[in-house]
Amino acid sequence: MLLLKLSPVLALVYATTAHTSCGGGGNRNLEALFRSHVSPSTEIASSYQINFSTVVGPRWSTWEAPAWSGAIKPALISDLKQIIKIAAKNNIPFIATNGGHGAKTGLGSFDGININLQNFNTVTVDAVNNRMTLGPGATLGAMVTEVFAAGKEIQTGNSWCPGGIGVTLGGGIGMLMGLHGLMIDDLQSVELLTASGETVTASKDENEDLFWGIRGAGQTFGIVTAANYTVHDQTNGGFVTEANFYYTAAQNRSLWELIATFDNVLPAKLSLQTAMLYNATTDTASIWLSAWYVGSLDESQPYLDQFAALGPFATEILNLTQVEVYYQSVTRGVCGTGHLLTAYTMGVGRTDPDTLETHFADFVAFSRANPAYFGQSYMQWYSNKVNLQTPADSTVFPWRDVQAWWLLENIILDDSLLSAVDDWSVLQRGNFHATSGFDDEHVYVNYAIGDEGPAAWWSEANLPKLRALKARWDPHNLFGKGYSLE
Ligand SMILES: Cc1cc2nc3c(=O)[nH]c(=O)nc-3n(C[C@H](O)[C@H](O)[C@H](O)COP(=O)(O)OP(=O)(O)OC[C@H]3O[C@@H](n4cnc5c(N)ncnc54)[C@H](O)[C@@H]3O)c2cc1C
């Protein structure tokens with residue numbers, strides 16, 4: 001990676017003289033191993049080559065970024081099959097990525113290659129039969145754009161940048177959850193490329209147990225080469241009322257108390273997201289609340305009036321299409337890349353004003369004491385109405401009883417602060433768990449940092465079945481780096 005910072009001339013000299021090592025399996029020449037088995041448009045690069053940065057997949061956070069020894073960007077699904085077979089046969093570890101948002105503890109010491117799925121950026125909508133098929137290179141933004149153009153909608157995450165299948169495989173939480181459940185609840189079937197290089201279908205009718213495991217732990221069995229979903233007619237013609245309220249630090253307690261009144265009764269069309277913010281220049285803290293209502297302003301007004309009554313210092317009311325929510329709303333900012341960023345999370349079963357007030361005070365104090373720390377602490381409230389109607393044992397995703405998801409995003413401008421930020425974040429996470437109303441930790445695997453462990457991601461009760469599936473479909477543990485079942 002250091003090479004990327006050298007001048008192009010120096011890099012060329014180095015590239016022509018460097019040893020042809022691809023790591024993770026000894027000294028290998030990637031071209032020699034893979035080229036004759038893949039189509040000409042497949043791109044292959046070792047990490048010391050000049051074109052490496054255009055072949056390797058993107059990464060959201062620089063934290064624990066794998067030190068890739070090389071990368072391959074297959075042009076065809078048949079190329080991908082060959083790559084898996086050859087890598088497995090030659091003991092070359094790999095991680096297949098799309099959006100590159102999966103930052104997990106331990107990936108920094110990964111020694112192997114990246115398989116970049118971004119060429120498979122396909123979204124096909126069949127509006128007549130309410131179906132949609134995603135390729136493994138499509139982002140949420142690409143997906144929502146096509147689904148919207150076809151007059152349909154589907155539950156997704158709230159930002160444009162993560163991979164559509166990547167989000168699905170952990171569950172898929174977001175703004176339309178109150179209406180349609182998790183993203184996995186609209187998943188009808190997947191095509192899975194397995195460790196043996198074969199493709200199998202998993203659905204409620206075929207390989208049913210595998211389909212159970214794909215819906216929440218889908219990173220661990222193989223590569224999903226196509227995912228088929230149900231889509232729905234648009235609610236409110238595809239328009240969303242987005243209300244942004246900005247509160248002073250002094251108002252935080254009243255805000256948490258108001259939000260707590262929505263526990264268990266949050267309307268299906270309403271989602272709430274807060275962000276705790278600290279501005280070092282002015283030494284002021286504030287809270288931004290974004291309320292999304294999948295309906296008209298008139299319909300949402302009784303709810304918005306309650307938040308307006310608290311007296312925010314700024315308010316913005318927008319009428320956005322579902323696509324504009326991705327590309328134009330305040331959430332687009334979270335897609336920025338290139339930061340040293342860690343994220344800590346916990347799902348809670350109740351909104352506890354005391355915990356939130358204490359956390360806000362801690363957040364402000366920590367930010368003030370550490371000028372190289374730039375954090376944002378989010379809470380997300382989605383209606384779990386549909387979730388609670390869905391049988392708990394239908395998917396390995398176990399946490400359908402969560403009221404709110406806490407997500408702390410730490411941007412760290414000075415590496416030496418990393419361990420202090422970790423210690424502080426772990427403490428905060430413990431505080432959220434202590435008052436969550438749950439004995440066992442409820443952690444959304446797609447938000448997880450990686451140290452929580454499999455029982456927190458998939459529940460203790462689900463682990464025996466999940467491990468049996470892993471032994472059946474990926475006995476040599478080729479897939480799911482960072483998502484250990486042990
Ligand atoms: C800015 C941002 C916003 C987010 N918003 C939301 C949100 O609103 N809702 C939500 O639910 N989540 C959200 N997430 C979390 C997101 O679901 C996870 O980070 C997810 O893993 C992203 O997938 P990716 O393809 O972008 O990442 P990658 O790093 O490319 O992949 C993540 C993991 O999934 C595996 N994987 C990817 N594609 C496949 C495939 N086709 N088959 C098998 N394994 C595969 C990879 O090998 C890797 O282990 C957000 C994350 C970020 C950073």
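On a predicted model such as this, the values are computed, not experimentally measured, just so you know.

Colleague: Could you clarify how one ought to interpret the packing of helix α12 (residues 353-369) against helix α14 (residues 418-434) in this entry?
Modeller: Helix packing geometry: the angle between the two helix axes and the distance between the axes. The N-to-C vectors of α12 and α14 enclose an angle of 170°; their axes lie 10 Å apart at closest approach. Classified by the interaxial angle, the pair formed by α12 and α14 is roughly antiparallel. On α14, the residues that touch Thr355, Leu356, His359, Asp362, Phe363 and Phe366 of α12 are Ala420, Val421, Trp424, Gln428, Asn431 and Phe432. Broken down by class, the residue content of the contact of α12 with α14 amounts to 7 nonpolar, 4 polar and 1 charged.

Colleague: It is not clear to me how the state of the cysteines should be interpreted in this structure. Could you clarify?
Modeller: Two cysteines form a disulfide when their sulfur atoms are joined by a covalent bond. The full count for this structure, using the stated rule, is 1 disulfide. The disulfide bridge from Cys161 ends at Cys335, spanning 2.1 Å between sulfur atoms. Its torsion about the S-S bond being -80°, the disulfide of Cys161 and Cys335 is classed as left-handed. Taken together, the positions of Cys161 in the loop between β7 (152-153) and α6 (164-170) and Cys335 in the loop between α11 (322-327) and β16 (341-348) put the pair 174 residues apart, joining distant regions of the chain.

Colleague: Sorry if this is basic, but what is going on with the sheet that holds strand β5 (residues 123-126) here?
Modeller: The strands that make up a sheet are held in pairs by hydrogen bonds between backbone atoms, and each pair lies either parallel or antiparallel. Taken together, the 5 strands give an open sheet; going across it, the order is β5-β6-β10-β8-β9, and neighbouring strands pair in antiparallel fashion. The outermost strands of the open sheet, each flanked by one partner alone, are β5 and β9 (199-203). Across this sheet, the average inter-strand angle for adjacent strands is 15°, counted without regard to direction. Together, β8 (187-193), β9 and β10 (223-230) form the strand contacts of helix α4 (residues 77-89), whose direction differs from that of β10 by roughly 135°.

Colleague: What exactly am I supposed to notice about the packing of aromatic side chains here?
Modeller: Aromatic ring pairs are reported here in terms of the distance separating the ring centres and the angle at which the planes meet. Taken as a whole, this structure holds 15 aromatic pairs when the rule is applied. When the ring of Tyr293 is compared with that of Tyr303, the centres are 5.9 Å apart and the planes differ by 25°; the resulting orientation is stacked. Of this pair, Tyr293 sits in strand β14 (residues 284-293) while Tyr303 sits in helix α10 (residues 297-308), placing them 10 residues apart in sequence. Owing to a relative accessible area of 6%, Tyr293 belongs among the buried residues under this scheme.

Colleague: How do you make sense of the domain arrangement of the protein when you look at a structure like this?
Modeller: A common measure of how large an interface is: the accessible area buried when the components associate. Domain boundaries in the protein define domain 1 (2-116), domain 2 (123-234) and domain 3 (236-458). Taken together, the 10 residues of domain 1 in the interface contact 16 residues of domain 2. If you sort the residues of domain 1 by the area they bury against domain 2, Lys81, Asn98 and His101 come out on top, with a joint share of 46%. Our count for the contact surface shared by domain 1 and domain 2 stands at 0 salt bridges. Scanning the region where domain 1 abuts domain 2 turns up 3 residue pairs in polar contact (both at pLDDT 80 or more). The greatest single-element share of the side of domain 1 that touches domain 2, amounting to 6 residues, is contributed by α4.

Colleague: Hey, could you run me through the side chain of Asp263 in this one?
Modeller: Inspection of the secondary structure puts Asp263 in the loop between α9 (252-260) and β13 (270-279). The buried charged residue Asp263 lacks any salt bridge, with Arg350 as its nearest oppositely charged partner at 6.3 Å.

Colleague: Before we go on, may I ask you to explain the pattern of salt bridges in this structure?
Modeller: Side chains that carry opposite charge are capable of pairing whenever their charged atoms lie near each other. Evaluated as defined, the whole model comprises 14 salt bridges. Each of the salt bridges in this network shares a partner with another, and the network as a whole consists of Arg253, Glu257, Asp354 and Glu357.

Colleague: Even after reading the chapter, I still don't get the pairing of strand β4 (residues 113-116), so can you show me in this structure?
Modeller: Consecutive side chains of a regular strand alternate in pointing toward one face of the sheet and then the other. Of the two faces of β4, the one holding Ile113 and Ile115 and the one holding Asn114 and Asn116 are both buried throughout. Of the pairings in the sheet, the one linking strand β2 (residues 70-73) to β4 comprises 3 bridges and is parallel in character. For Gly70, the partnering residue across the bridge sits in β4 and is Ile113. By the bridge criterion, 4 bridges tie strand β3 (residues 94-97) to β4 in an arrangement that is parallel. Along β4, the bridge assignment pairs Phe94 with Ile113.

Colleague: Just to check I follow, could you spell out the nonpolar core for this structure?
Modeller: One broad trend across soluble globular proteins is that nonpolar side chains are buried collectively. With 105 residues, the main nonpolar core has Phe307 and Trp458 as its most contacted residues. If we ignore the near neighbours within four places in the chain, the residues touching Phe307 are Phe245, Tyr247, Leu255, Leu258, Ile259, Phe262, Leu272, Leu289 and Pro312.

The rules behind the values
Just so you know, the residues in each chain are numbered from 1, in the order the chain's sequence is written. Per-residue local features of the predicted model are confined to residues with pLDDT of at least 70, and side-chain atom pairs are confined, for both listing and counting, to 80 or more; whole-chain, interface and lining totals are unaffected and use all residues. Side-chain metrics in this entry use all non-hydrogen atoms of the structure; hydrogen atoms and water are not considered. All axes here are fitted lines through C-alpha atoms, helices being fitted over the stretch that makes contact, and every angle between N-to-C directions spans 0 to 180 degrees. Each helix is a run of H or I in the DSSP string that is no shorter than four residues. Each strand is a run of E no shorter than two, and both are numbered from the N terminus. Under this scheme an angle from 65 to 115 degrees is roughly perpendicular, one under 35 degrees roughly parallel, and one over 145 degrees roughly antiparallel; angles in between are oblique. Working rule for contacts: check all heavy atoms of both residues, and any pair within 4.5 Å makes them a contact. Throughout this entry, Asp, Glu, Lys and Arg are counted as charged residues, while Ala, Val, Leu, Ile, Met, Phe, Trp, Tyr, Cys and Pro are counted as nonpolar. The remaining residues, Gly among them, count as polar. The disulfide criterion is simple: two cysteine sulfur atoms within 2.5 Å. Only strands that DSSP links by at least two bridges are regarded as paired with each other. The criterion for an aromatic pair is that two Phe, Tyr or Trp rings (for Trp, the six-membered ring) have centres within 6.5 Å, with stacked assigned to planes under 30 degrees apart, edge-to-face to planes over 60 apart and tilted to the rest. Buried, partly exposed and exposed residues are distinguished by accessible area as a fraction of the type maximum, computed with a 1.4 Å probe on protein chains only: under 20%, between the cut-offs, and over 50%, respectively. Domain limits in this description derive from either an automatic procedure or a database domain assignment. A quick way to say it: buried area is the sum, across both parts, of accessible area lost when two parts are put together, with a 1.4 Å probe. Salt bridges are identified by distance alone: a Lys or Arg side-chain nitrogen within 4 Å of an Asp or Glu carboxyl oxygen. Here a polar contact is recorded for every N or O atom pair within 3.5 Å, except that within protein the pair must consist of a potential hydrogen donor and a potential acceptor, and residues adjacent in sequence are included only if both atoms are side-chain atoms. Residues counted as positive are Lys and Arg, residues counted as negative are Asp and Glu, and His and the chain ends are not counted. Remark: nonpolar core denotes a set of buried residues (Ala, Val, Leu, Ile, Met, Phe, Trp, Tyr, Cys) joined through side-chain atoms within 4.5 Å.

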